[in-house]
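# Inside the fold
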Amino acid sequence: MTSLATPAWLTAPASFAAPAEPVTTAGDGQLVVAALLGIVAVVLLIAWAKVHPFLSLILGAAVLGVVASVAPDKMITSFTGGVGTTVGGVGLLIALGAMIGGLLAESGGADGIVNRVVGRVSGRALPWAMAGVAALIGLPLFFEVGVVLLVPIVLLVSMRTDVPLMKLGIPALAGLSVLHGLVPPHPGPLVAISSLNADLGLTLGLGLLVAIPTVIISGPVFGNFIARYVPATAPAALLPTRRQPATPAGTAEATGTAGTTGTAGAPDRRDVDGDLLTDDDLVNPGGGQPGEPVDDSGTETARRTPAFWPAVITVLLPVVLMLLRAVGELTLDEGTAGRKTLDIVGTPIVALLAGVILAMFTLGYQAGFSRSQVSSVLGGSLPPIAGILLIVAAGGGFKQVLVDAGVGNLVADAAKDANLSPLLLGWLVAVGIRVATGSATVATITAAGIVAPLAATLDRPGVALLALAIGCGSLFFSHVNDAGFWLVKEYFGLTVGQTIKSWSVMETLISVVGFAGVLLLDLLV
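It should be emphasised that the depicted structure is a prediction, and the values quoted were computed from it without experimental measurement.

## A closer look at the side chain of His479
By the secondary structure assignment, His479 is in the loop between α19 (460-473) and α20 (483-492). In this structure His479 comes out as buried when scored by relative accessible area, which is 17%. For His479, the side chain forms a polar contact with the main-chain oxygen of Val435, separated by 2.9 Å. When sequence neighbours within four positions are dropped, the list of residues in contact with His479 reads Val435, Phe485 and Ser504.

Quick look at the structure:
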């Protein structure tokens, strides 16, 4: 079957293609030392020297190439080839996913989903509802944006219902984290799928099967347990405030706000089409601090929160299209009209593009945004992912140097001789790099590059499960070297010890339970 990971029109140009011939004649011992020093260089640069992961991966690839006696020109060609292929295959999908997430956040669609679900349940069902809604809005949103959107709701619900904060917060964090690590179009799963040449639709389907029990165990079940040992109180400063309604231009209430008269008589800002712009039209959607109301003053049209079902359908459309393609590959004969149609509409870039177009209407125009405001939100969702794209791209280059130097084949041969399961090897490598660097993305990229040759020995479901095993390993034990650790600590007002007991243990539980689910599926498919 043709892989969905890197369509032909998304591959790197020929001038950036990685060299086909071996780039070094180094022996096995030298290659092992080169790989270890390259990985150690990345770990030390990130964890000790506090160098940005983008630069760390570039320098780590250089260390690997120099120690492996790779000629400088071949090293550069190999690295740039990996960068081009990774950006072409993964970058477009991340960008389209970020656009859907931006509209979902800025329009209030995410708030509407949360309020609808939470408003209809109470008592013991609240943690389960929180986990479910976190998993739903976590499909298109990056983890950090999901936290910014959900934490104020979690704090408010906890205060109003007297349900312990950890009993609601852990399920919400679990839903976001599991989706972030296991389900496309998040960067980690996409990188693993691209590196291993896995089937995206099949990986998506199997990932959802693993995600459901993992969210349940690490979310509501663990949250109910840990709430007894980690008492936490909602920080008053982070409680959400009510969104202020827009006031007509020129009224006294509009003075001092971003309206038509601006602040202290400052002229209003307009785009090239003459439409009014407000601050929240130009900033990163969902990137503000919790508790800050969206400033709707000065807009030409009244904002309306998108209806519940249109928002849900918009979020699920790309997922459904990609799953339909996977189902079609299993049930329809190749060459039939139905199979061809599903192959096209279920291609990841087409599915996500369809989601963006639908979101422009259901979460944009129908929510009261003008054309220029929709454009501003879409554009504002791209700058925040620049850092992620650069890290992913540099990781692709690092991975390609590993592969072209022959390290991957060396690991594959060693795994065969040791009779070690590729799934276990991928999980263990990802765990080690995750704990050392604190970066799930770096762990995924490096582990996928090391075990990529083993994918050739597996069938389609096996390759998909290998990608999921790496994703599970990349979530293992988040601690003080992970930005997510501090994000959770500050948003929930916890001490370092409380954060380790709750968040760090939850992440470890996700990794272990998820990997157990991968092993179980390996026995069944």
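## Focus: the packing of aromatic side chains
In this structure the tally under the stated criterion is 6 aromatic pairs. Residues Phe361 and Tyr365 carry aromatic rings whose centres are separated by 5.2 Å and whose planes lie at 80° to one another, so their mutual orientation is edge-to-face. Judged by relative accessible area, which is 27%, Tyr365 ranks as partly exposed. Both rings, one in Trp427 and one in Phe476, keep their centres 6.1 Å apart while their planes meet at 90°; by these two values the pair is edge-to-face. Of the two residues, Trp427 is situated in helix α17 (residues 422-437) and Phe476 in the loop between α19 and α20; the sequence distance between them amounts to 49 residues.

## Thoughts on the environment of Asn115
For Asn115, the location among the structural elements is in helix α4 (residues 109-119). When the C-alpha atoms of Asn115 and Phe308 are compared, they prove to be 9.5 Å apart, with 193 residues separating the residues in sequence.

## Concerning the nonpolar core
By size, the foremost hydrophobic cluster in this structure holds 146 residues, and its most contacted members are Ile113, Met166, Leu196 and Phe492. In terms of residue count, helix α3 (residues 72-107) provides more of this core than any other element does, 12 residues in total.

## Remarks on unusual backbone geometry
With a phi close to 60°, Lys50 is a non-glycine residue in the positive phi region. Mapping Lys50 onto the fold places it in the loop between α1 (28-47) and α2 (53-67). Although it is not a glycine, Asn197 adopts a positive phi angle of roughly 60°. In this structure, Asn197 sits in the loop between α8 (187-196) and α9 (200-226). By relative accessible area, Asn197 is classed as partly exposed at 48%.

## Some remarks on the side chain of Thr499
Counting through the fold element by element, Thr499 comes out in helix α21 (residues 496-524). Thr499 sits in the buried class, given a relative accessible area of 0%. Sequence-distant contacts of Thr499, that is, excluding residues within four places in its chain, are made with Phe485, Lys489, Leu494 and Ser504.

How each quantity is defined
Every chain's residues receive numbers from 1 upward, in the order its sequence appears when written. Owing to the predicted nature of the model, reporting of local features is limited to residues with pLDDT of at least 70; listing and counting of side-chain atom pairs is limited to 80 or more, with chain, interface and lining totals taken over all residues. The side-chain figures draw on all heavy atoms in the structure; neither hydrogens nor water molecules are used. Helix and strand definitions here come from DSSP, where helices need a minimum of 4 consecutive H or I residues and strands a minimum of 2 consecutive E residues; each element is numbered from the N-terminal end. Summary of the burial criterion: residues with accessible area below 20% of their type's maximum are buried, those above 50% are exposed, and those between are partly exposed, where the area comes from a 1.4 Å probe applied to protein chains only. Polar contacts, as counted here, are pairs of nitrogen or oxygen atoms within 3.5 Å of one another; within protein the pair requires one atom able to donate a hydrogen and one able to accept it, and residues that are adjacent in sequence qualify only if both atoms are side-chain atoms. Contacts between residues were defined by any pair of non-hydrogen atoms, one from each residue, lying within 4.5 Å. Ring pairs shown here join Phe, Tyr and Trp side chains whose ring centres sit within 6.5 Å, with only the six-membered ring taken for Trp; geometry is labelled stacked below 30 degrees between planes, edge-to-face above 60, and tilted in between. To form a nonpolar core, buried Ala, Val, Leu, Ile, Met, Phe, Trp, Tyr and Cys residues must be joined to one another through side-chain atoms within 4.5 Å.

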